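# Architecture at a glance
Residues per chain, in single letters:
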Amino acid sequence: MKIIDLRSDTVTLPSSDMRQAIFEAQLGDDVFEEDASVNLLEKKAAELSGKEAALLVPSGTMANLISFLVHCPRGTEALLGDKSHTFIYEAGGISAFGGIHSHQLKNNPDGSINLGDIKEAIREDNVHFPKTSLISLENTHNKCFGAPISRAYIQDVLQIAHESNLKTHIDGARIFNATVALNTTLSDLVSDVDSITFCLSKGLSCPVGSVICGSKDFIYHARRVRKALGGGMRQAGIIAAAGLTALKNAEDQIKKDHKNAKLLAEGLSSIDNISIELEYVKTNIVYFKLSSNKMESKEFLKIMEDSGVLFFESLSNQYRLVTHYGITETDIYDAVEIFKKHLSF
Ligand SMILES: Cc1ncc(COP(=O)(O)O)c(C=O)c1O
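Please read these numbers as outputs of a predicted model, since none were measured by experiment.

### Looking at the environment of leucine 321
Inspection of the secondary structure puts leucine 321 in strand β13 (residues 318-322). Measuring from C-alpha to C-alpha, the distance between leucine 321 and glutamate 138 comes to 19 Å, with 183 residues separating the pair along the chain. Sequence-distant contacts of leucine 321, defined by excluding residues within four places in its chain, comprise Leu6, Leu264, Leu268, Asn284, Ile285, Val286, Phe288, Phe311 and Phe339.

In structure tokens, the structure reads:
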């Protein structure tokens, strides 16, 4: 039985081009900054993001943690969305390891935070309050239907940040899904943002790795924090080589993933027992609900798994499907048929 694994874009396996590039990669000790492949990837990432420098790290979680640790002195406060990955899914690392006070603001379904809420949340200088040091956004926004966040909105947030002398960060685990959806370039989308991360291991379908981009000074400090967290890797060129291959082909694959997500959403919307908001599907993430409660979620997931379709329940009766390299258009049609078969009652 073919397994159609729609749980996440992190389940991708490396392409044969990637495996070849890994095999042939020029390597060195990256903690000594002597790995040619890592140096090349970091140079390429800096160019693409329009920043001065970049740093390869093991994961998106570490990329965000390092960025927060560099931007936010202990005891200061970071503003971030209440549905952000950093707040929900990163084990509270920013407070556990950085003593950073997280101040969560409501995320709208399009991933934005109301500008008025941001303005109001910035603390005045008063001995009772922590100092606000950072505003962090997520693009695309995982929990908010994979929404891409526009340059215009980012610029509005930047203006508020600059007025109050705050740093800005974007968790861009899926930033290339945003640039494709918005038909723009990374450097245009994130110009003037202090730091931006992106994951090699999601839409770019590499086995491992994330990249942080920022000023030379920021990356200088980030490198030391990476070492302190145990994220200094030695012949990390085997990771970077896959990343360099992915960056060459990323756009085409991501376009396919977005097309497949739309097809999937449209297919699901034709099933009576499924409730889905088609207008929210703009990238590679599809959320839906069951409109009848005839089946418990555990039972539903098990029946689908036994038929070869894997996905997660993200909240109670909110299911998430993600398209990625390894999922074909035929898989989408097959998956929709399997949903139809089990939901026709
Ligand atoms: C938006 C976002 N940020 C950060 C991460 C963390 O990435 P990693 O799993 O590589 O730690 C994820 C992972 O899914 C994510 O979706």
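### Some thoughts on the layout of surface pockets
Over the atoms, a rolling probe the size of a water molecule traces out where space has been left empty. If you add up the space inside the largest pocket, you get close to 600 Å³. Around the largest pocket, the lining comprises 25 residues; the ones closest to its centre are Lys44, Leu48, Leu244, Leu247 and Lys248. Listing elements by their share of the lining of the largest pocket, those giving two or more residues are α1 (16-24), α2 (36-49), α8 (175-182), α9 (186-190) and α11 (237-269). Among the elements that make up the lining of the largest pocket, the one with the highest residue count is α11 (eight residues). Considering only residue class, the lining of the largest pocket consists of twelve nonpolar, eight polar and five charged. By volume, the second largest pocket is sized at about 410 Å³. Along its surface, the second largest pocket is lined by 25 residues, and His85, Asn142, Arg174, Lys202 and Arg320 are the ones closest to its centre. Residues that form the lining of the second largest pocket fall into these classes: six nonpolar, eleven polar and eight charged.

Definitions and cut-offs
In this convention, every chain numbers its residues from 1, walking through the sequence in written order. Totals for whole chains, interfaces and linings use every residue, but because this is a predicted model, local features are given only for residues with pLDDT of at least 70 and side-chain atom pairs only at 80 or more, for both listing and counting. To obtain the side-chain values, all non-hydrogen atoms of the structure were included, while hydrogens and water were left out. Note on conventions: DSSP H or I runs of at least 4 residues are helices, E runs of at least 2 residues are strands, and numbering of each starts at the N terminus. Contacts are residue-level and defined by heavy atoms, with any inter-residue pair within 4.5 Å sufficient. Method remark: on a 1 Å grid restricted to protein atoms, a set of points is classed as a cavity if a 1.4 Å probe fits but cannot get out and as a pocket if it is open with protein on both sides within 12 Å along at least five of seven lines; lining residues have an atom within 4 Å of a point. Grid points are joined across faces, edges and corners, and a volume is the space filled by probe spheres set on the points. Three classes are used, and their members are as follows: Ala, Val, Leu, Ile, Met, Phe, Trp, Tyr, Cys and Pro are nonpolar, Asp, Glu, Lys and Arg are charged, and the others, Gly among them, are polar.

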